[in-house]
Every structure is written in structure tokens, then in C-alpha cells.
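# Per-entry structural report
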Amino acid sequence: MSWCALAILLTACALFAVPTPWVRNIALAVMLAAVVTAAAALSLTPVLLRLLDPWLDWMRLPRRSRRPGAARQAAWLRAAERLMRRPGRHAVAVTVLLLAAALPALGMRLGLHYDRPSLEGTQSGLGLAQMEADRVAGVTGLVLPHPVGGGPVDTAALKEALRDDPRVGATAALDNGRDLTLMLIVERHPSDSAASAALLRHVREVAPRLLPPGQEVLAAGPTALLADLTVQILSGLRQAVALVLVFSFVLLLVTFRSLLIAAKAVCMNLLSVAATFGLLTACFQHTGATGDVNLLVPLLTCTVVFGLSIDYEVFLVHRISEHYRRTGDNTAAVLYGLRHTARPITLAAAVLTLTFAGLLLTHRSDLQQTGFAVAVAVTLDATLIRMILVPALMRLLGRYNWWLPRPLARLLPPAAPSHARRECVTNSD
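Right, let's walk through the structure included here. One numbering rule holds for all chains: residues counted from 1, following each sequence as written. Local features in this predicted model are restricted to residues whose pLDDT is 70 or higher, and side-chain atom pairs enter the listing and the counts only when it is 80 or higher, whereas totals over whole chains, interfaces and linings include all residues. Hydrogen atoms and water are omitted, and side-chain values are computed over all heavy atoms in the structure.

## Brief notes about the packing of helix α11 (residues 296-327) against helix α13 (residues 365-397)
Where α11 contacts α13, the axes come no closer than 9 Å and their chain directions differ by 25°. The orientation of α11 with respect to α13, classified from their angle, is roughly parallel. Seen from above, α11 lies across α13 with right-handed handedness. Between α11, through Val-297, Thr-301, Val-304, Val-305, Leu-308, Ser-309, Tyr-312, Glu-313, Leu-316, Val-317 and Ile-320, and α13, the contact on the second element is made entirely by Asp-366, Gln-369, Thr-370, Ala-373, Val-374, Ala-377, Val-378, Asp-381, Ala-382, Arg-386, Val-390 and Met-394. When the residues that make up the contact of α11 with α13 are grouped by side-chain class, the tally is 15 nonpolar, four polar and four charged. Note on definitions: angles span 0 to 180 degrees between N-to-C directions of axes, and those axes are lines fitted to C-alpha atoms, for helices only across the stretch in contact. The secondary structure listing takes helices from DSSP runs of H or I that are at least 4 residues long and strands from runs of E that are at least 2 residues long, numbered from the N terminus. Roughly parallel refers to an angle under 35 degrees, roughly antiparallel to one over 145, roughly perpendicular to one between 65 and 115, and oblique to any angle outside these ranges. Here a crossing is taken to be left-handed if its near helix is turned anticlockwise relative to the far helix by less than a right angle, and right-handed if that turn runs clockwise. By definition, residues are in contact when any of their heavy atoms lie within 4.5 Å. Under this grouping Gly is polar, as are all residues other than the nonpolar Ala, Val, Leu, Ile, Met, Phe, Trp, Tyr, Cys and Pro and the charged Asp, Glu, Lys and Arg.

Spelled out as C-alpha cells, the structure:
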């Protein structure tokens, strides 16, 4: 439990790489929830179970018969044994399937947009629709400070340059009579469109040349706000993903004292997330109201899914590790891990999938995309990744699963002792 909570805490910490207050608030909320949940599970839950022990069997649903359950278990064990006999085929098949699902992600377009479906019928939504229909879709203000008493900033050249631009509806200049000139640019296209973003970049490029030398130019308005937020979140996304990968690798390296298990887990997580983004692109990019994937969805999905996948990895590989270090039989250890973790992992994944899938019932596109992405990622991770690909690769790697270079072996804390520990590959050439 403590390792699982630590995984959530570390991945949530990566969100602090985004210099946006409300994203950091989300990270803080996730961290607090992980700490409180872990504390309750380790302290309150045992006490409640002890107190409620006489009533735990109350209203238990009767089983139909023992044969169907035994038959299902036997069928599942036969499938696991087939996986152990032909791990290469299963690993290749699952990898190809996930890579095929990830292909649409190569064309994924990210953006921040107004949530028009949720605004439909409101006063702001009706007003926005009317403005966009009349091609007076937005206004960008160029804030031009000047010395007190220096007079208005000369904007004639810039207004002349923008007069024939088809993206511009009108321009006007206002001055407060003291120290500020404001130039208004009426946009024909919506503020969250690619055309308005391109117009803003053009204005920022030509304004220093057409305004008086040394004039400070500040852009304000919806288009500028969305553009700056996009830059911030994209920059933070790269840093957050890098931090999540590093945190995941280090945590698993310390936990299992294995270089290959840590590297394999990171690669599996990347493959799962890539497949999720491919399916997200295929389902939403060409059918959604905006035509783009909300920029926040990859950020939140990566942090949430990596934290959960580390939990599943620790749960499965810990069982495999303890059996292998006790017996030295790699194939039997993988089967042991599958047999003792398949049901808990499947049940936990089912709960999370149903929870996040509930977001699909909302009217907000960003929540729908987030719910879809996390539900799909958890399903892929708990089935194809954790139940097929990871065991198949561990079966193929054999004793090299536990390979650890000698310099790292000296730096890392020693593994827990085992009563019948066999020799593992903890030294390298």
C-alpha cells in the first residue's frame, strides 16, 4: 500500500512542472487524496474489519455451483500455461496490436477550445454563436504603454498593414490620456481557431517594425490567453512526462533491484499510453465539435495512468519476484504471479474503468475525452499489458529479469531476505 501511494505521489508531483496554478491545484488534490487514502487503508480499514467481522457474511450472494467456477479457473490456467509455452507469439501479437492502435496518434492535434456543447443554450453561448455567425468573433487588444504626457502611440502604420488582412474585421485605437494606448483588432474567426492564432503570431511579428522604435507591445484578449496557455502547458507536458518516466524508473529499480524490470515497465507504459492516444484521436478528433484533442487530456492521462500502472506492476511483479527468489523457477514464478494477482488487478481495473467511463455521460468534451482516455488506458494496461505482454516478456527473459549492474547493486538498498533464495543475476560483466 505504501509503495502504491508513493507511486501516485511521485507521478502527481510531475504536474508541478506546469506553471499554471489550477494544474498545480489538481496535483495537490491528487497527492492529498493518495495520502489520506493510504492512511485510512493502513489504519482505519483493519479496525473496521475487526469490528464488522461478525457481519461480513451477512447477505452474501449464494453461489450457483462450484463446478462453473472451477471450470473457469481451469480454463484460465490452461490459457496461462499456453502463454508460458509460446510467450514469443503472444508478445509479438500484443505489441503489433498496440502499435496499430497507436498509429492515429501520429496525426493528433492538440488545442484549447471553448466548450461550445456545454455553453449551448446559455446567454454566453448564444452571444458567442451570434458573434461568430456575424464574423465579429473576437477582439484582441494590443496594450501599448507610453511615457506620461508623451501622447498616444502612433498606430497608423500597423492599422494600414492589417486593413486588407481577410482575418481582420476592423481596427481602432484608444488612449487613456495619460500613459496607455490600446489598439483593438476585431477578428473574423473564433478566438480558439487556427486562423486567429496565426493572426496573433503575425501581429506580434510585424508590430515591432511598424510601431515607434522601442515600443513595448503586450497582447491581451481570449486569443492571446489561449495561445499563452497552450505554450505553457505544452512546455510543462514535456517536462511532466519526462519526470514521470524518471520517477517510475527509479521507483521500480529500487523496489525490485532489477534494471530490466524498471526499463520494461517504462516501455510498456509508453506503449499503453500511445495506443490510448491513438484510439482517442480516432474516436474524438474527427467526430468532436472542435476537431482537436484537448491539450489537458494527455497531461492528466499520462500522470494518472502511469501512477496506476506502477501500482499494477508492483502488485504483479512482487508476487513473481518473491516466488522466484524462493524457488529459482522463473516459469513457475510467472504462473504463480498471474494466478494470485489476475483477479485483484481485473477487479480494480473494472472499478476504475467504470468510474472514468461515467465522464462520457457529461456534456463537456474535455471531460469526455479524459474519461475515455483513462478508461481505455486502464483497460489496456490491466489486460493486454499486465496479463499477457509483461508475463510473456518475463518468461522470455528468464533469470535476466533480475539483472542488476554491480555498481548499482552497491548503491541500492539490499533486497528483503528469502528462506530459500537461489542465485540471481545481480552482477554484470
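## Overview of a nonpolar patch on the surface
A cluster of nonpolar side chains, contributed by Leu-44, Val-47, Leu-48, Leu-49, Leu-51, Leu-52, Trp-55, Leu-56 and Trp-58, occupies part of the molecular surface with about 970 Å² of accessible area. Along the chain, Trp-55 turns up in the loop between α2 (21-52) and α3 (66-85). Given the relative accessible area of 56%, Trp-55 is considered exposed. Every patch collects residues that have over 30% relative accessible area and no salt bridge, joining them within 9 Å if they carry like charges and within 5 Å if they are nonpolar side chains (Val, Leu, Ile, Met, Phe, Trp, Tyr). Surface accessibility in these figures is a Shrake-Rupley result with a 1.4 Å probe; residues are shielded only by whichever protein chains are displayed. Salt bridges are defined as contacts in which a side-chain nitrogen from Lys or Arg sits within 4 Å of a carboxyl oxygen from Asp or Glu. Burial status follows relative accessibility: with a 1.4 Å probe on protein chains alone, a residue under 20% of its type maximum counts as buried, one over 50% as exposed, and anything between as partly exposed.

## Looking at unusual backbone geometry
You will see that Arg-135, though not glycine, has its phi angle at about 60°, which is positive. Taking relative accessible area as the criterion, Arg-135 reaches 38% and is therefore assigned partly exposed. With a phi close to 50°, Arg-257 is a non-glycine residue in the positive phi region. Residue Arg-257 is classed as buried on the basis of its relative accessible area, which comes to 11%.

## Examining the nonpolar core
Among the nonpolar cores identified, the biggest contains 81 residues, and Leu-98, Leu-280, Leu-299 and Met-394 are the most heavily contacted of them. With 15 residues, α13 is the single largest residue contributor to this core. Apart from residues no more than four positions distant in its own chain, Leu-280 is found in contact with Gln-285, Val-293, Val-297, Gln-369, Phe-372 and Ala-373. By nonpolar core we mean a set of buried residues, namely Ala, Val, Leu, Ile, Met, Phe, Trp, Tyr and Cys, connected to one another through side-chain atoms within 4.5 Å. Within the second largest apolar cluster, 13 residues are counted, among which are Leu-142, Met-183, Ala-207 and Leu-211.

## Section: the environment of Ala-242
Tracing the chain through its elements places Ala-242 in helix α9 (residues 222-256). In this structure the C-alpha to C-alpha distance between Ala-242 and Ala-14, which are 228 residues apart in sequence, comes to 8.4 Å.

## What about the packing of α11 against helix α12 (residues 330-357)?
At their nearest, the axes of α11 and α12 sit 8 Å apart, and the two run at 160° to each other. It follows from the interaxial angle that α11 and α12 lie roughly antiparallel. Regarding α11 and α12, the two cross each other, and that crossing is right-handed. Of the residues assigned to the contact of α11 with α12, the class counts are 18 nonpolar, five polar and three charged.

## Let's talk about the sheet that holds strand β5 (residues 218-220)
Sheet architecture is open: four strands sit in the order β3-β4-β2-β5, paired in antiparallel fashion. Edge positions in the sheet fall to β3 (168-175) and β5, since each of these pairs with one other strand and no more. Direction aside, the axes of adjacent strands within the sheet are offset by 20° on average. The pairing criterion is simple: DSSP has to find at least two bridges between the two strands. With eight bridges connecting them, strand β2 (residues 138-145) and strand β4 (residues 180-187) associate as antiparallel partners. Pairing of Gly-141 across the sheet is with Leu-184, part of β4.

## Focus: the pairing of β3
In the case of a regular strand, side chains alternate between the two sheet surfaces. Pairing analysis gives seven bridges linking β3 to β4, with the strands arranged antiparallel. Looking at the pairing, Val-168 lines up with Glu-187 of β4. From the end of β3 to the start of β4, which pair antiparallel, there are four residues, and Gly-177 there has a positive phi angle of about 80°.

## A closer look at the side chain of Thr-370
Here Thr-370 is to be found in helix α13. In protein, a polar contact means a hydrogen-donor-capable atom and an acceptor-capable atom, both N or O and within 3.5 Å, with residues adjacent in sequence counting only if both atoms are side-chain atoms; elsewhere, any N or O pair within 3.5 Å suffices. For Thr-370, the side chain forms a polar contact with the main-chain oxygen of Asp-366, separated by 2.8 Å.

## What to know about the side chain of Thr-276
As for its position among the elements, Thr-276 is in helix α10 (residues 259-285). Residue classification places Thr-276 among the buried residues on the basis of a relative accessible area of 0%. The residues contacting Thr-276, other than those within four sequence positions of it, are Ala-373, Val-376, Ala-377 and Leu-380.

## Side note on the packing of aromatic side chains
Pairs were defined over the aromatic rings of Phe, Tyr and Trp, the Trp ring being its six-membered one, requiring ring centres within 6.5 Å. Orientation was assigned from the angle between planes: stacked under 30 degrees, edge-to-face over 60, tilted for the rest. For the structure on display, the rule yields two aromatic pairs. Pairing Phe-284 with Phe-372 gives two aromatic rings, centres 5.3 Å apart and planes at 65°, and the pair type is edge-to-face. Here the residue Phe-284 occupies a position in helix α10, and Phe-372 occupies one in helix α13, the gap between them amounting to 88 residues. Across the pair, exposure class does not vary: Phe-284 and Phe-372 are buried alike. Aromatic side chains Tyr-324 and Trp-402 sit 5.6 Å apart centroid to centroid with 25° between the ring planes, which places their arrangement in the stacked category. Pair noted here: Tyr-324 is in helix α11 and Trp-402 is in the loop between α13 and α14 (406-411), with a separation of 78 residues, a long-range link. By relative accessible area, Tyr-324 is classed as buried at 4%. Consider the ring centre and the ring normal. A charge sits over the ring if Lys NZ or Arg CZ is within 6 Å of that centre and within 35 degrees of that normal. Just above the ring of Trp-402 sits the side chain of Arg-325; from NZ or CZ to the centre is 5.2 Å. The ring of Tyr-400 carries the charged tip of Arg-399 above its face, separated from the ring centre by 4.9 Å.

Taken by themselves, the reported measurements are silent on function.
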